[in-house]
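Remarks on the overall topology
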Amino acid sequence: MRLSRYFLPILRETPKEAEIASHRLMLRAGLLRQQAAGIYSWLPLGLRVLNKITTIVREEQNRSGAVELLMPTIQSAELWRESGRYDAYGKEMLRIRDRHDREMLYGPTNEEMITDIFRAYVRSYKDLPLNLYHLQWKFRDEIRPRFGTMRSREFLMKDAYSFDLDQEGARHSYNKMFVAYLRTFARLGLKSIPMRADTGPIGGDLSHEFIILAATGESEVFCHRDVLDTPIPPADTDFDDVAHLQSIVDKWTSVYAATSEMHDEAAFAAIPDDKKVSARGIEVGHIFYFGTKYSEPMKATVTGPDGHERPVHMGSYGIGPSRLVAAIIEASHDEAGIVWPDPVAPFDVALLNLKPGDSATDDACGHLYRALGLRGRDVLYDDRDERPGAKFATADLIGVPWQILVGPRSLSEGKVEVKRRATGERELLSIEDAVVRVA
Ligand code: ATP
Ligand code: MG
Ligand code: MG
Ligand code: MG
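This text gives an overview of the structure that appears in the document. (Residues numbered from 1 in each chain as written. Chains lettered and ligands numbered in written order. Predicted model: local features only at pLDDT ≥ 70, side-chain atom pairs only at ≥ 80, totals over all residues. Heavy atoms only, no water.)

For the protein, the helix and strand inventory stands at 13 helices and 23 strands. Against the compact-globule benchmark of 22 Å for 439 residues, the protein has a radius of gyration of 25 Å, which places it among compact chains. The proportion of buried residues among the 439 residues of the protein is 52%. Long-range contacts, defined as pairs at least 24 residues apart, comprise 71% of the intrachain contacts of the protein with a sequence gap of at least 6. (Helix = DSSP H or I, 4+ residues; strand = E, 2+ residues; numbered from the N terminus. Rg over C-alpha atoms; globule rule 2.2 N^0.38 Å. Buried < 20%, exposed > 50% of the residue type's maximum accessible area, 1.4 Å probe, protein only. Contact = heavy atoms within 4.5 Å.)

The following block contains the structure:
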């Protein structure tokens, strides 16, 4: 992509409404525009990152055996009356009336709708286990939308819903998502910690929030430092191996980690002082087993091997990709701007032409641009008629992992400069070596 033909509205001034670094940087680097309180347009650079994240989320959901579908954003109030949640949900639900005066709502979550889909088609235990997921915009009329897409009113969610014959099966479905979440956040360049979370009236130990440590996080969290070094399950993990999956989950959950609601002072006090972590965190995912809470009132039943009908055991599993964009920036930025982890970067390489119009420089840039494109690298080519200083600042601000600086001085020695954004390390390389270096 040539920057002269792209749409990258960089802000020079720091927007004063932004209280935290990620929000400031998302506005300044042209990722985002607020359209109303807690409602945003995703500008091209921001959309690229969001799409990178959802691709990884999908790959890991699919790997675990979950099946993607797509439900609508608008739902009918009737469904929510069946579960009893229409009145219970409160003011966070955006309620809408259509022209026929029918009560509708903009979905804040989809348990009711997925249960309706399930009961329409599935009759037998032989069709279980089943895990259906989608990536869809949600609306919650948050009382205090803030920090940009960290807590917005309209936000993207990956929500998955599992169906099993009994609690034992549901635990395995839960463990699959547990492992898929560990892998997903690790691939996004984040250290996530599964923390015991409140299960509400259902009880049990089957609810975990996945938390990223960050000073600006809204949750107060406590954990044993060792949890940060627990190995991530590999890509070839067998998701059908019930005992193996349980052993992975046991390993993770045997180390103390809890949010303030579930905090156990005595258990925390027993941890050696140098291993105690008391910090703030961002909830980026949440998994939950809730048994027959929806299947019972909504009559989502299957026939078991014994011929008896029974309500299915369900769980739901959420990830917030739009919150993740902000969370990744909170975890990875410096004075000059964003520092994207490679897997989610909007472009792989920023190619800076330091003297547009100089034929040797233009030729070298053109060659690099084509060569990298052929190797499948996404290159943002800064071909604008701007001073080098402005180009350096833009490249640092938008945080693309590699920069290639091309100017007459180094070119006279047949070299270009390759800079790694994260470390600031610079190398003078031949054009061919530069291509190999960033490929
Ligand atoms: P929070 O405690 O931050 O309000 P929640 O517990 O209400 O979140 P869940 O219902 O568990 O959220 O939804 C699943 C995921 O959706 C969350 O873990 C988070 O990543 C994302 N999410 C929830 N609310 C928002 C929001 N207002 N803006 C952006 N992402 C959100
Ligand atoms: Mg909430
Ligand atoms: Mg929460
Ligand atoms: Mg939650």
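Okay, back to it.
Around the magnesium ion (ligand 4), the protein contributes the donor atoms Glu283 (OE) and His286 (ND1), which lie 2.2 to 2.3 Å from the metal centre. The metal-metal distance between the magnesium ion (ligand 4) and the magnesium ion (ligand 3) is 3.1 Å, with Glu283 coordinating both. By relative accessible area, Glu283 is classed as partly exposed at 27%. (Donors = N, O, S within 2.8 Å, 3.2 Å for Na, K, Ca; no water.)

This brings us to the pattern of salt bridges. A full pass over the atoms with the stated rule returns 32 salt bridges. Of the charged contacts in the structure, one is a salt bridge between Asp98 and Arg102, with a shortest N-O distance of 3.1 Å. As a salt-bridge pair, Lys419 and Asp396 come within 3.0 Å of each other at their nearest N and O atoms. In this pair, Lys419 sits in strand β22 (residues 415-420) while Asp396 sits in helix α11 (residues 388-398), placing the two residues 23 residues apart along the sequence. Judged on exposure class, the residue Lys419 and its partner Asp396 are both buried. Shared partners join several salt bridges into a network, and the residues in it are Glu59, Glu60, Arg63, Arg183 and Arg187. (Salt bridge = Lys/Arg side-chain N within 4 Å of Asp/Glu carboxyl O.)

This model, assessed by the stated rule, comprises 14 aromatic pairs. Taken together, a centroid distance of 5.6 Å and an interplanar angle of 70 degrees make the contact between Phe178 and Phe210 edge-to-face. Taken as a pair, Phe178 in helix α6 (residues 167-187) and Phe210 in strand β10 (residues 207-213) lie far apart in primary sequence, 32 residues in all. In this structure, Phe178 and Phe210 share a single accessibility class: buried. A connected cluster of aromatic rings, assembled from ring pairs, spans Phe178, Tyr181, Phe185 and Phe210. Positioned over the ring face of Phe268 is Lys276, at 5.9 Å from the centre of the ring. Stacked on the ring of Trp402, the Lys or Arg Arg420 has its end atom at 4.6 Å from the ring centre. (Phe/Tyr/Trp six-rings, centres within 6.5 Å; stacked < 30°, edge-to-face > 60°. Lys NZ or Arg CZ within 6 Å of the ring centre and 35° of its normal.)

The next subject is the sheet that holds strand β6 (residues 103-106). If you trace the three strands from one edge of the open sheet to the other, you get β4-β6-β5, paired in antiparallel fashion. The open sheet has two edge strands, β4 (74-76) and β5 (94-97), and neither has a second partner. Here the average twist between neighbouring strands, direction ignored, is 40 degrees. Taken together, the three bridges between β4 and β6 define a ladder with antiparallel strand orientation. Bridge pairing links Gln75 to Leu105 in β6. (Pairing = 2+ DSSP bridges. Axes fitted to C-alpha atoms, helices over the stretch in contact; angles between N-to-C directions.)

The biggest cluster of nonpolar side chains holds 80 residues, and the ones touching the most others in it are Leu31, Ile53, Leu188, Val325 and Trp340. Examining the composition of this core, we find that eight residues originate from one element, α6, more than from any other. With residues up to four places along the chain from it excluded, the contact list for Val325 reads Met26, Leu31, Trp42, Val49, Leu50, Ile53 and Trp340. Within the second largest apolar cluster, 24 residues are counted, among which are Tyr86, Leu105, Met113 and Val312. (Core = buried A, V, L, I, M, F, W, Y, C linked by side-chain atoms within 4.5 Å.)

All right, on to the layout of surface pockets then. By volume, the largest pocket amounts to about 1200 Å³. As for the largest pocket, its lining consists of 46 residues, of which Arg140, Met157, Glu209, Glu283 and His286 are closest to the centre. Elements represented by at least two residues in the lining of the largest pocket include exactly β8 (154-164), β13 (276-291), β16 (313-319) and α9 (321-331). Top element by residues in the lining of the largest pocket is β13. It accounts for eight residues. For the lining of the largest pocket, the class distribution of residues is 16 nonpolar, 16 polar and 14 charged. Estimates place the volume of the second largest pocket at around 360 Å³. Around the second largest pocket sit 14 residues that line it, and Ile10, Arg12, Arg384, Ala390 and Thr394 are the ones nearest its centre. By residue class, the composition of the lining of the second largest pocket is eight nonpolar, one polar and five charged. (1 Å grid on protein atoms, 1.4 Å probe; cavity = no way out; pocket = protein on both sides within 12 Å on 5 of 7 lines; lining within 4 Å. Points joined across faces, edges and corners; volume = space filled by probe spheres on them. Nonpolar A, V, L, I, M, F, W, Y, C, P; charged D, E, K, R; others polar.)

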